[in-house]
Amino acid sequence: MGVLILAGLATIAVTIVQRMSGGKAAERPVASGIGEQRLAVPEGSRIAGMAVGEGRLVLRLEGPGSAERLLIVDLTSGRSLGLITLEPRP
């Protein structure tokens, strides 16, 4: 009887862990390396910050005398998805 209780608890624990991690590891796609990528950034810019989320990398760029910009990069392909210029509201 004790063995059945332990087996049941182990099954519940494994199920909880799988659901919290988004399912079975075998079902998740395996990320492939993107190799070396070159991203075009405005001349004189420097990376002032970054954030990662949902397969995207957002680089906050600052440059001398220019507005702050956000460069969005797809982490799967390594390609630039766009450049957003932040302008002060009048």
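Higher on the page you've got the structure.
Structure report, in brief. Just so it is clear, the structure is predicted and the values come from calculations on it, not from any experiment.

Counted according to the given criterion, the structure contains four salt bridges. Between Glu 62 and Arg 46 there is a salt bridge, with its nearest N and O atoms 3.1 Å apart. A residue pair is termed long-range when its members are at least 10 positions apart, and Glu 62 in strand 2 (residues 56–62) and Arg 46 in strand 1 (residues 46–53) qualify at 16 residues. Judged by relative accessible area, Glu 62 falls into the partly exposed class, the value being 27%. Measuring nitrogen to oxygen at the nearest pair gives 3.6 Å for the salt bridge that ties Glu 68 to Arg 60.

Right, let's get into the pairing of strand 4 (residues 80–85). Bridge analysis of strand 3 (residues 69–74) against strand 4 gives five bridges, and the strand direction is antiparallel. Its bridge partner lying in strand 4, Ile 72 is registered against Gly 82.

Moving on, we get to the pairing of strand 2. Residues Leu 57, Leu 59 and Leu 61 of strand 2 are buried on one face, while the alternating residues Arg 56, Val 58, Arg 60 and Glu 62, pointing to the opposite face, are not. Bridge count between strand 1 and strand 2: seven bridges; the pairing is antiparallel. The partner of Ala 51 across the bridge, within strand 2, is Val 58. As consecutive antiparallel partners, strand 1 and strand 2 are separated by two residues, and within that stretch Glu 54 has a phi angle of approximately 50°, a positive value. In this structure, strand 2 lies alongside strand 3, joined through six bridges in antiparallel fashion. Bridge assignment links Leu 59 to a residue of strand 3, and that residue is Leu 71.

Grouped together as the largest cluster of nonpolar side chains are five residues: Leu 57, Leu 59, Leu 61, Leu 71 and Val 73. Contributions of two or more residues to this core are made by strand 2 and strand 3. What Val 73 contacts, discounting residues up to four positions off in sequence, is Leu 39, Gly 55, Arg 56, Leu 57, Gly 78, Arg 79, Ser 80 and Leu 81.

Parameters and conventions
Sequence order as written defines residue numbering, which begins from 1 separately in each chain. Local features are withheld for residues below a pLDDT of 70 in this predicted model, meaning they are given only at 70 or higher, and side-chain atom pairs are given and counted only at 80 or more; totals for whole chains, interfaces and linings count all residues. With hydrogens and water stripped out, all remaining heavy atoms of the structure feed into the side-chain values. Salt bridge, as applied in this entry: a Lys or Arg side-chain nitrogen positioned within 4 Å of an Asp or Glu carboxyl oxygen. Starting at the N terminus, helices and strands are each numbered in turn, a helix being any DSSP run of H or I of at least four residues and a strand any DSSP run of E of at least two. Only protein chains enter the calculation, and the probe is 1.4 Å; a residue is then buried if its accessible area is under 20% of its type maximum, exposed if over 50%, and partly exposed in between. Two strands qualify as a pair provided DSSP detects at least 2 bridges between them. As used here, the term nonpolar core means buried Ala, Val, Leu, Ile, Met, Phe, Trp, Tyr and Cys residues forming a set that is joined through side-chain atoms within 4.5 Å. Contacts between residues were defined by any pair of non-hydrogen atoms, one from each residue, lying within 4.5 Å.

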